[in-house]
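# A structural walkthrough
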Amino acid sequence: MSNRLKQCELCGDFMSDQSGGLNLVCPKCIDKDAEMFERVKSRLKYGEKVAVNEIANRTGIDRKHIERWVRAGRLGEGLDI
Ligand SMILES: [Zn+2]
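A few points on the structure. As the structure is a prediction and not an experimental result, all values here were calculated from the model.

Calculation rules
Residues numbered from 1 in each chain as written. Predicted model: local features only at pLDDT ≥ 70, side-chain atom pairs only at ≥ 80, totals over all residues. Helix = DSSP H or I, 4+ residues; strand = E, 2+ residues; numbered from the N terminus. Buried ≥ 20, exposed ≤ 12 C-beta atoms within 10 Å, placed from the backbone. Pairing = 2+ DSSP bridges. Axes fitted to C-alpha atoms, helices over the stretch in contact; angles between N-to-C directions. Parallel < 35°, antiparallel > 145°, perpendicular 65-115°, else oblique. Left-handed = near helix turned anticlockwise from the far one by under 90°. Contact = placed C-beta atoms within 7 Å. Nonpolar A, V, L, I, M, F, W, Y, C, P; charged D, E, K, R; others polar. Arc of directions from axis to C-beta.

## A few points about the overall build of the protein
Helix and strand content of the protein: three helices and two strands. For the protein, the sequential pattern of α-helices and β-strands runs β-β-α-α-α. Expressed as a percentage of the 81 residues in the protein, the buried residues total 10%.

In structure tokens form, the structure reads like this:
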């Protein structure tokens, strides 16, 4: 059994990781994370050249979250980030 503990990237709570590293946030934060992600995504245009700082300014969402989604491959497709 590999049931490792990891830290939620949003609230910092420890959670057990049964997803093999796919879950980056704890169950409490999943809805909030999804809402922030949609907010960022809705402000981006396909093929746009945009800096992470610029996205953060537009959406008011901390750049550390935006960078996290880029690292996870959830943002950046079709974008020049
Ligand atoms: Zn959390």
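## Some remarks on the pairing of strand β2 (residues 14-17)
Where a strand is regular, its side chains alternate between the two sheet faces. Direction of pairing for strand β1 (residues 4-7) relative to β2: antiparallel, over a ladder of four bridges. Within β2, the position partnered with Arg-4 by the bridge is Asp-17. In this antiparallel pair of consecutive strands, β1 and β2, the connection spans six residues, and Gly-12 shows a positive phi of 85°.

## Quick word on the environment of Leu-44
With respect to the helices and strands, the residue Leu-44 is situated in the loop between α1 (30-42) and α2 (52-59). Spatially, the C-alpha atom of Leu-44 lies 9.6 Å from that of Arg-58, the residues being 14 residues apart in sequence.

## Focus on the packing of α2 against helix α3 (residues 63-71)
Taken N-terminus to C-terminus, the directions of α2 and α3 make an angle of 125°; their axes are 9 Å apart at the nearest point. With respect to α3, the axis of α2 lies oblique. In this structure, the crossing between α2 and α3 has a hand that is right-handed. Seen from α2, the contacting residues are Val-52, Asn-53, Ile-55 and Ala-56; seen from α3, they are Arg-63, Ile-66 and Glu-67. The class makeup of the residues in the contact of α2 with α3 is four nonpolar, one polar and two charged.

## Re α3
All of the buried residues along α3 are His-65, Ile-66 and Trp-69. Buried residues of α3 fall within an arc of 100° about the axis and therefore sit on the same side. For α3, the exposed residues set more than 90 degrees away from the buried face come down to Lys-64 and Arg-71. Looking at the buried residues of α3, the elements they touch are α1 and α2. Looking at the residues trailing α3, positive phi occurs at Gly-73, about 80°.

## Some thoughts on the environment of Arg-39
With respect to the helices and strands, the residue Arg-39 is situated in helix α1. In this structure Arg-39 touches Thr-59 and Ile-61, once residues within four positions along its chain are discounted.

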